[in-house]
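Letter by letter, the chains look like this.
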Amino acid sequence: MSSQFKTVTIAGGTGNLGYHIAEAFLNDGSYDVKILRRKPKTENEKAKLLASKGAEIVYADYDQKDDLVNVLKGTDVVISTLSDSNANLYDSQAPLLAAAKEASVKRFIPSEFGFEYKVGVHQITDGKIRFEEEVIKSGLEYTIIYNGLFQEFLGWIGFDVKNKKATFYADGNKKLHTTSLSDVGKYTVETLKMPEARNAFIKVAGVTLSLNEYLQKFEEISGSKWEVVEDKEIKHRYQNKIDPIPSFEENFKATLVQNEQFKDLNNDKFSFTPRPVTEVIEKLVKQAA
């Protein structure tokens, strides 16, 4: 598969997701890769590592449109992997989209990389949806990638390896799409070589298992029987301020797990087989030891 694009700029390329996407592009070898970081310049081990592999590290002030535009000139594809400490993925990405348009970028891939949601489910996902709508209206080509939960975040979603305890925010038979960060990187690279990914929503998953099936793998790999706690009422308690009142983060976790999983996966359009989820779980178990 060949691509019409040459230069890719990854905003947030030293973060959890961005680093894996940057690595995938560097390993592919078909593109000039730029890592966009915020000013002021600071020391960063991941940036050094990516630079040693051939990436160019560039800096911009996101509050200065001209600065962003100048940095993005000559870029064919902008990939946003930006996150936001205030959970506002609309405002954090809007300056990047405006500058990309002015710099004549050809394609924009927003910081989605999660689940497909309906409007009104949660403020974080509503911000993503609003921004996706702006990307679609921008006139730039776009690809929006859904990949479910990052497998490396299974611990965050309720699988507590250290304490051998699983917290289920839904019935144990609830299915959950998950994908490793390295495979999200590979999927992103290949979308640039697929005609059907132009102005499209791409839906992929490394694996789709029930909460019980993920638990079984954690138990097998850790060699232990785990305690299971079910808490399906978190969203209700959060919305109605019922004790014990869940945190904002707990409410978001429950929203994610309880959300309807997207259908019509596009895995068959890609050239590789996703890595087994057991590889990631083995790593999580070792890290907790």
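This text goes with the structure placed above it.
All residue numbers refer to position in the chain's written sequence, counted from 1. This being a predicted model, a pLDDT of at least 70 is required before a residue's local features are given, and a value of 80 or more before pairs of side-chain atoms are given or counted; all residues contribute to the totals for chains, interfaces and linings. Hydrogens and water are ignored here; the side-chain numbers use all heavy atoms of the structure.

A. Quick peek at the overall build of the protein chain. Helix and strand definitions follow DSSP, with helices as H or I runs of at least four residues and strands as E runs of at least two, each counted in order from the N terminus. Scanning the protein chain from N- to C-terminus turns up 10 helices and 13 strands. Expected size for 289 residues packed as a compact globule is a radius of gyration near 19 Å; at 19 Å, the protein chain falls within 12% of this value. On the principal axes, the C-alpha backbone points of the protein chain span a range of 55 × 40 × 40 Å. Exposure classes here rest on a 1.4 Å probe applied to the protein chains alone. A residue is buried below 20% of its type maximum, exposed above 50%, and partly exposed in between. Going through the 289 residues of the protein chain one by one, you find that 53% of them count as buried. Two residues qualify as a contact provided that any one of their heavy atoms is within 4.5 Å of a heavy atom in the partner residue. Pairs at least 24 residues apart make up 77% of the contacts formed inside the protein chain by residues separated by at least 6 positions. Accessible surface is estimated by sampling points in the Shrake-Rupley manner with a 1.4 Å probe; for residues, cover comes only from the protein chains shown. For the protein chain, the exposed area adds up to about 13500 Å²; of that, 46% sits on carbon and sulfur atoms. Between the two quantities, the radius of gyration covers C-alpha atoms and the globule rule is 2.2 Å times the number of residues to the power 0.38.

B. A look at the sheet that holds strand β9 (residues 165–168). On the basis of which strands lie adjacent, the open sheet formed by three strands has the order β8-β9-β13 and mixed pairing. One side of each edge strand has no neighbouring strand; the edge strands of this open sheet are β8 (159–160) and β13 (227–230). Bridge count for β9 against β13 is four bridges, and the pairing is parallel. Each bridged residue has a counterpart across the sheet, and for Thr-167 the counterpart in β13 is Val-229. For two strands to count as paired, DSSP must find a minimum of two bridges between them.

C. Layout of the nonpolar core. Grouping buried Ala, Val, Leu, Ile, Met, Phe, Trp, Tyr and Cys residues that are joined through side-chain atoms within 4.5 Å yields what is termed a nonpolar core. Among the nonpolar cores identified, the biggest contains 56 residues, and Leu-36, Leu-96, Leu-154 and Phe-159 are the most heavily contacted of them. The element contributing the most residues to this core is helix α10 (residues 277–288), with five residues. For every domain, the bounds stem from an assignment made automatically or drawn from a database. Two domains share this core, each providing at least three of its residues, namely domain 1 (7–146) and domain 2 (151–176 + 207–288). Filtering out sequence-adjacent residues up to four positions away, Leu-154 remains in contact with Leu-149, Phe-159, Thr-178, Tyr-214, Phe-218, Val-277, Ile-281 and Leu-284.

D. How the structure looks around unusual backbone geometry. Of the consecutive residues Lys-39 and Pro-40, the connecting peptide bond is found in the cis state with omega at 0°. Mapped onto the elements, Pro-40 comes out in the loop between β2 (32–38) and α2 (45–52). Looking along the chain, the bond that leaves Asp-243 and enters Pro-244 is cis, with omega of -10°. Topologically, Pro-244 is positioned in the loop between α8 (234–240) and α9 (248–258). Unlike most non-glycine residues, Lys-164 shows phi in positive territory, near 50°. Structurally, Lys-164 can be placed in the loop between β8 and β9. The exposure class assigned to Lys-164 is partly exposed, which follows from its relative accessible area of 27%. Its identity is not glycine, yet Asn-199 carries a phi of approximately 50°, on the positive side. Within the secondary structure, Asn-199 is located in the loop between α6 (181–191) and β11 (200–203).

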